[in-house]
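One-letter residues, chain by chain:
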Amino acid sequence: MNSITAKAISMTVLGLGSFVVGMIPACIPQSARQRHPLLISCLLCFGGGVLLSTSLLHMLPEARVNLPNYTELLLCAGFFIVYAVDEIVHFFYGTNESTSGHRRNYGAGEQSSLLRRNSEDAEMRERCCGDAGNSRMCHVSHTEPCNKSSSGIIGLLCALFVHSLLEGLAIGLQETAAQVMLLLAAVASHKFVVGFCLGAELCASAASNLCTHILCVALFSGGSAAGIAIGAALDSVEAFNNSPAVPIMQSLAAGTLLYVTVSEVLPRERARWHERKRGAGLAQFLSVAVGFALMYLSTKYLDHDAA
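Residues numbered from 1 in each chain as written. Predicted model: local features only at pLDDT ≥ 70, side-chain atom pairs only at ≥ 80, totals over all residues. Heavy atoms only, no water.

Some thoughts on the overall build of the protein chain
Within the protein chain one finds 11 helices and 0 strands. The N-to-C order of helical and strand elements in the protein chain reads α-α-α-α-α-α-α-α-α-α-α. Within the protein chain, the proportion of its 307 residues that are buried is 44%. Considering only contacts within the protein chain whose residues lie at least 6 apart along the sequence, 85% involve residues at least 24 apart. Accessible area of the protein chain: about 16400 Å², with a carbon and sulfur share of 64%. (Helix = DSSP H or I, 4+ residues; strand = E, 2+ residues; numbered from the N terminus. Buried < 20%, exposed > 50% of the residue type's maximum accessible area, 1.4 Å probe, protein only. Contact = heavy atoms within 4.5 Å. Areas by Shrake-Rupley, 256 points an atom, 1.4 Å probe, with all protein chains shown as cover.)

Some details on the side chain of Glu-167
With respect to the secondary-structure elements, Glu-167 resides in helix α6 (residues 151-172). Buried and unpaired, Glu-167 has Lys-191 as its nearest opposite-charge partner, separated by 5.4 Å. Within the structure, Glu-167 has its side chain in polar contact with the side chain of His-190 (distance 2.6 Å). When sequence neighbours within four positions are dropped, the list of residues in contact with Glu-167 reads His-58, Val-187 and His-190. (Lys, Arg positive; Asp, Glu negative; His and termini not counted. Salt bridge = Lys/Arg side-chain N within 4 Å of Asp/Glu carboxyl O. Polar contact = N/O pair within 3.5 Å; in protein donor to acceptor, adjacent residues only side chain to side chain.)

What to know about the environment of Gly-195
Structurally, Gly-195 is set in helix α7 (residues 177-204). Filtering out sequence-adjacent residues up to four positions away, Gly-195 remains in contact with Val-21, Gly-22 and Phe-220.

Considerations on the packing of aromatic side chains
Think of a pair of aromatic rings as described by two things: how far the centres are apart, and how the planes are tilted against each other in angle. With the rule as written, the count across this model stands at 4 aromatic pairs. Seen from their ring centres, Phe-79 and Tyr-83 are 6.5 Å apart, and the 80° between their planes marks the pair as edge-to-face. With a gap of 4 residues between them, Phe-79 and Tyr-83 both fall in helix α4 (residues 71-93), about one helical turn apart. The interplanar angle of 25° and the centroid separation of 5.7 Å between the aromatic rings of Tyr-83 and Tyr-259 together place this pair among those described as stacked. (Phe/Tyr/Trp six-rings, centres within 6.5 Å; stacked < 30°, edge-to-face > 60°.)

Things to note about the packing of α6 against helix α8 (residues 210-233)
For the pair α6 and α8, the least separation of the axes is 6 Å and the interaxial angle reads 25°. Here α6 is positioned roughly parallel relative to α8, judged by the angle of their axes. Seen along the crossing, α6 lies across α8 with a hand that is right-handed. Counted together, Leu-157, Leu-160, Phe-161, Ser-164, Leu-165, Gly-168, Leu-169, Ile-171 and Gly-172 of α6 and Cys-216, Leu-219, Phe-220, Gly-223, Ser-224, Ala-226, Gly-227, Ile-228, Ile-230, Gly-231 and Ala-232 of α8 form the full contact between these two elements. Of the residues in the contact of α6 with α8, the class split is 13 nonpolar, 7 polar and no charged. (Axes fitted to C-alpha atoms, helices over the stretch in contact; angles between N-to-C directions. Parallel < 35°, antiparallel > 145°, perpendicular 65-115°, else oblique. Left-handed = near helix turned anticlockwise from the far one by under 90°. Nonpolar A, V, L, I, M, F, W, Y, C, P; charged D, E, K, R; others polar.)

Re the packing of helix α1 (residues 3-23) against α8
The N-to-C vectors of α1 and α8 enclose an angle of 165°; their axes lie 9 Å apart at closest approach. It follows from the interaxial angle that α1 and α8 lie roughly antiparallel. Once α1 is placed against α8, the crossing between them reads as right-handed. Of the residues in α8, those in contact with Lys-7, Ser-10, Met-11, Leu-14, Gly-15, Ser-18, Phe-19, Gly-22 and Met-23 of α1 are Leu-210, His-213, Ile-214, Val-217, Ala-218, Phe-220, Ser-221, Ser-224, Ala-225, Ile-228, Ala-229 and Ala-232.

Things to note about the environment of Ala-283
Relative to the assigned elements, Ala-283 resides in helix α11 (residues 280-306). For Ala-283, a relative accessible area of 24% translates into the label partly exposed.

A word on α6
Look at α6: 31 Å from first C-alpha to last across 22 residues, which is about the 32 Å you get at 1.5 Å a residue. Burial of α6 is extensive: 16 of the 22 residues sit out of reach of the surface. (Expected span 1.5 Å × (residues − 1).)

Some details on the confidence of the model for the protein chain
Averaged over all residues, the pLDDT of the protein chain equals 79, while 76% of them reach at least 70. The secondary structure element of the protein chain with the lowest average pLDDT is helix α5 (residues 119-129), at 48, and the one with the highest is α1, at 93. Overall, residues 98-122 carries pLDDT values under 50, and its contacts beyond four positions in sequence, including any with other chains, amount to 23 contacts. When the criterion is pLDDT under 50, residues 129-137 qualifies, and its contacts beyond four places in sequence or with other chains add up to 7 contacts. (pLDDT = per-residue confidence, 0-100.)

Description of the nonpolar core
Core analysis: the largest hydrophobic core is formed by 31 residues, its most contacted members being Val-50, Leu-156, Leu-160, Val-194, Leu-198 and Leu-257. Sorting the residues of this core by element identifies α3 (37-66), α4, α6, α7, α8 and α10 (245-273) as the ones contributing at least two each. The biggest single contributor to this core is α10, with 7 residues. Every residue in contact with Leu-198, bar those within four places of it in the chain, is listed here: Leu-156, Leu-157, Leu-160, Cys-216 and Phe-220. Membership of the second largest hydrophobic core comes to 10 residues, among which are Ala-6, Ala-177, Val-187 and Ala-188. (Core = buried A, V, L, I, M, F, W, Y, C linked by side-chain atoms within 4.5 Å.)

Topic: the pattern of salt bridges
Across all of its chains, the model carries 4 salt bridges by this definition. Residues Glu-201 and Arg-268 are paired through a salt bridge, measuring 2.8 Å at the closest nitrogen-oxygen approach. Placement of the pair is Glu-201 in helix α7 and Arg-268 in helix α10, with a sequence separation of 67 residues. There is no split in this pair, since Glu-201 and Arg-268 are both buried. Between Arg-272 and Glu-269 there is a salt bridge, with the nearest N and O atoms lying 3.2 Å from each other. With a gap of 3 residues between them, Arg-272 and Glu-269 both fall in helix α10, about one helical turn apart. Using a relative accessible area of 1% as the deciding quantity, one classes Glu-269 as buried.

What follows is the structure, encoded as structure tokens:
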């Protein structure tokens, strides 16, 4: 088998495999999601751990190889770019708390008086903190962060698409079939997991429907295939692959994933279950830890073997 055949196989495996895996969450019936809501939440927290590990332990070290001095700064820039876009969208298209049934509350409401406590706040405090002698304290907002904006999903998709494209370029630039297949195994080991997590997050998004789901998963799965095709067709891409543009894009994408994980996915899922079930928080934490560890082991051992 020559390298061209190996690259064609890689395009097919990564493209179709990522699409199928990303569509699996959409195939879960709504009735099944309603019967096992905590399981769905744990799957989303697992995805949060996968994205967190992908950002900090996979994409960031890769970017630091060719751009060691500014990698962390660019990661923060990616974080703040999505943060700013999210707030701009809410500024122009959001609704006031008094006119909307959905409250965006990360702590104390700005429009509520600090001296007034209504019956709902008192009941919430009693459920969370218990009586005056109870030292248990509330660390999580009881209201879900606003999920009407699609900026989080767009940021997540852009970051994953850029990362997939760069991984595809790496495969397309390999010279031998053995190198292509080794790198294919390394990329597929975490790309399929990330694809499933993307599909699960799309299902949980209020701004997503079936057509949007298919489009987003298709863009994600096509990133690696397009990168392989470009790398195989153009010899000049190798100079681009070694240029500062690649680590800059990797760092910005890592910052985007970091924002989506810590400001969208995890706060939302924790808020949903904070009062509903006492052991839900531990189950969510373990799900995040398992997802994080799985991606770490995949990155450390499989990618190292392929290199």
